[in-house]
Amino acid sequence: MGSLIEFLKRETALNVLEKTIKHAQVVQQCVKELEIGLKILLKEGNLEKSSKNFHKVDLLEDEADKIRREVLKDVSKGELNPSIRQNLSHLIKRLDDVANCSTGVARRIVTIPYRFWEQSSEETLKIILKIIETTVEAVENLDKLVIDLVGERTSVKDFAQKINQLEHDVDLLNIKLRESLQKTEYDVNFFTIFTVGNIFDILEAISDSIEGVADYIIVLLTSSRVL
């Protein structure tokens, strides 16, 4: 008794469920907008245009924060079992981590002088784009997972396994990226190199956060004996 899954089955949870799905969709938009910005920056070399997309990521993250607060406010109303409140709070927080990481990349990448990207090898740029493409695929599966969680819960495990595989793919790509970066002689400020390294760490953390949401949902379902 008192589990989040039992709460999700109740008719009175409809408003919270709708907002949770909306929250997941906005989080997905954050990652997708980041991908658009990276493609414009690395393929077109258009700093001004890409900056607008990176700013959109910031705005979407703010929207996700507002939805998160609304959900937590709704959950705090009425007589809810503490475990339900805690489980839902943790779920929303983990979803929010995905948007926060996306914003972390978007805010920092606009500070990097374009000559860094000009000096980067074609291999390096291709790997960066492959990482964000794989991350977008992961967040698309996460969106489907959340919708299935608040629905029939027939494919949650399949979506979670796909996310686990995609996160692993990003890990391998990140290793290739580090190797590629070290083959290039950069003529830029040391702080630029430091910031770029930080950006790539956070970029990888997006898929880690996505996997964290999926794993948490699996734990909830397993403990509730739904899986």
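Conventions used here
- Here the residue index of a chain counts from 1 through its sequence in written order.
- Selection of residues for local features in this predicted model requires a pLDDT of at least 70, selection of side-chain atom pairs for listing and counting requires 80 or more, and totals for whole chains, interfaces and linings are taken over all residues.
- Values reported for side chains reflect all heavy atoms of the structure, with hydrogen atoms and water molecules removed beforehand.
- Strands are runs of DSSP state E lasting at least 2 residues, helices are runs of H or I lasting at least 4, and numbering of each runs from the N terminus.
- Only protein chains enter the accessibility calculation, which uses a 1.4 Å probe. A residue is then buried if its area is under 20% of the maximum for its type, exposed if over 50%, and partly exposed in between.
- The criterion used for residue contact is that any of the two residues' heavy atoms lie within 4.5 Å.
- Here, Shrake-Rupley sampling with a 1.4 Å probe gives the accessible areas, and only protein chains in the shown set may cover a residue.
- Any N or O atom pair separated by 3.5 Å or less is treated as a polar contact, with the protein-specific requirement of one donor-capable and one acceptor-capable atom, and with residues adjacent in sequence counted only for side-chain atom pairs.
- Salt bridges are defined by distance alone: a side-chain nitrogen of Lys or Arg within 4 Å of a carboxyl oxygen of Asp or Glu.
- Planes of paired rings set the category: under 30 degrees apart is stacked, over 60 is edge-to-face and the rest tilted, where pairs are Phe, Tyr or Trp rings (Trp by its six-membered ring) whose centres lie within 6.5 Å.
- Only when the NZ atom of a Lys or the CZ atom of an Arg is both within 6 Å of the ring centre and within 35 degrees of the ring normal do we say a charge sits over the ring.
- Only buried residues count toward a nonpolar core. Its members are Ala, Val, Leu, Ile, Met, Phe, Trp, Tyr and Cys residues joined through side-chain atoms within 4.5 Å.
- One less than the number of residues in a helix, times 1.5 Å, gives the span that helix is expected to have.
- Angles here are taken between N-to-C directions and fall from 0 to 180 degrees, while the axes themselves are lines fitted to C-alpha atoms, restricted in helices to the stretch in contact.
- Orientation categories follow fixed angle ranges, with anything under 35 degrees roughly parallel, anything over 145 roughly antiparallel, 65 to 115 roughly perpendicular, and all other angles oblique.
- Left-handed describes a crossing whose near helix is turned anticlockwise from the far helix by less than a right angle; the clockwise case is right-handed.
- Gly counts as polar in this scheme, as do all residues outside two lists: the nonpolar Ala, Val, Leu, Ile, Met, Phe, Trp, Tyr, Cys and Pro, and the charged Asp, Glu, Lys and Arg.

**Student:** Looking at this structure, how should I read the overall build of the protein chain?
**Tutor:** A tally of helices and strands in the protein chain yields eight helices and zero strands. Ordering the α and β elements of the protein chain from the N terminus gives α-α-α-α-α-α-α-α. Counting every position in the protein chain, which comprises 227 residues, the buried fraction comes to 51%. Counting only contacts in the protein chain whose residues sit at least 6 apart along the sequence, the fraction spanning at least 24 positions is 83%. Counting only carbon and sulfur atoms, one obtains 50% of the accessible surface of the protein chain, whose full area is about 11,300 Å².

**Student:** Whenever I open this one, the side chain of S180 confuses me. Can you help?
**Tutor:** Inspection of the secondary structure puts S180 in helix α7 (residues 156-181). Among the polar contacts listed, one links the side chain of S180 to the side chain of T124, at a separation of 2.5 Å. S180 has contacts with S121, E123, T124 and I127, leaving out every residue within four places of it along the chain.

**Student:** Before we go on, may I ask you to explain the pattern of salt bridges in this structure?
**Tutor:** Side chains that differ in sign of charge can pair as their charged atoms come close. Evaluation of the coordinates by the stated rule reveals twelve salt bridges. The shortest N-O distance in the salt bridge between K49 and E44 comes to 3.8 Å. What makes K49 partly exposed here is its relative accessible area of 41%. Note that D96 is salt-bridged to R68, the shortest N-O span being 3.0 Å.

**Student:** What is the right way to read the packing of aromatic side chains from this model?
**Tutor:** The description of two aromatic rings rests on the distance between their centres and on the angle between their planes. Following the criterion strictly, the structure yields three aromatic pairs and no others. Grouping aromatic residues by their ring pairs yields a cluster made of F116, W117 and Y186. Over the aromatic face of Y216 sits the side chain of R94, whose NZ or CZ is 4.2 Å from the ring centroid.

**Student:** Can you help me understand the nonpolar core in this one?
**Tutor:** Most often, soluble globular proteins keep nonpolar side chains buried together rather than apart. Membership of the largest hydrophobic core comes to 68 residues, with the highest contact counts inside it found for L34, W117, F200, L203, I206 and I217. Ranked by residue count, the leading element in this core is helix α8 (residues 190-223), at 14 residues.

**Student:** Is there a simple way to think about α7 in this case?
**Tutor:** Because an α-helix packs 3.6 residues into every turn, residues spaced three or four apart end up facing the same way. With 26 residues, α7 ought to run about 38 Å at 1.5 Å a step, and its terminal C-alpha atoms sit 37 Å apart, in line with that. When we look at burial in α7, the residues that qualify are V156, F159, A160, I163, L166, E167, V170, L173, N174, L177, S180 and L181. Of the surrounding secondary structure, the elements contacted by the buried residues of α7 are α5 (114-119), α6 (122-149) and α8.

**Student:** Honestly, the side chain of S209 in this entry has me stumped. Any pointers?
**Tutor:** Mapped onto the elements of the fold, S209 is located in helix α8. Judged by its relative accessible area of 15%, S209 is buried. Those residues in contact with S209 that sit more than four places away from it in its chain are R94, D97, V98 and C101.

**Student:** When you look at the packing of helix α4 (residues 82-109) against α8 in this model, what are you seeing that I'm missing?
**Tutor:** With their axes 9 Å apart at the nearest point, α4 and α8 run at an angle of 165° to one another. The pairing of α4 with α8 is recorded here as roughly antiparallel in orientation. The way α4 lies across α8 gives a crossing that is left-handed. When the residues that make up the contact of α4 with α8 are grouped by side-chain class, the tally is 16 nonpolar, nine polar and three charged.

Nothing here speaks to function; it is geometry throughout.
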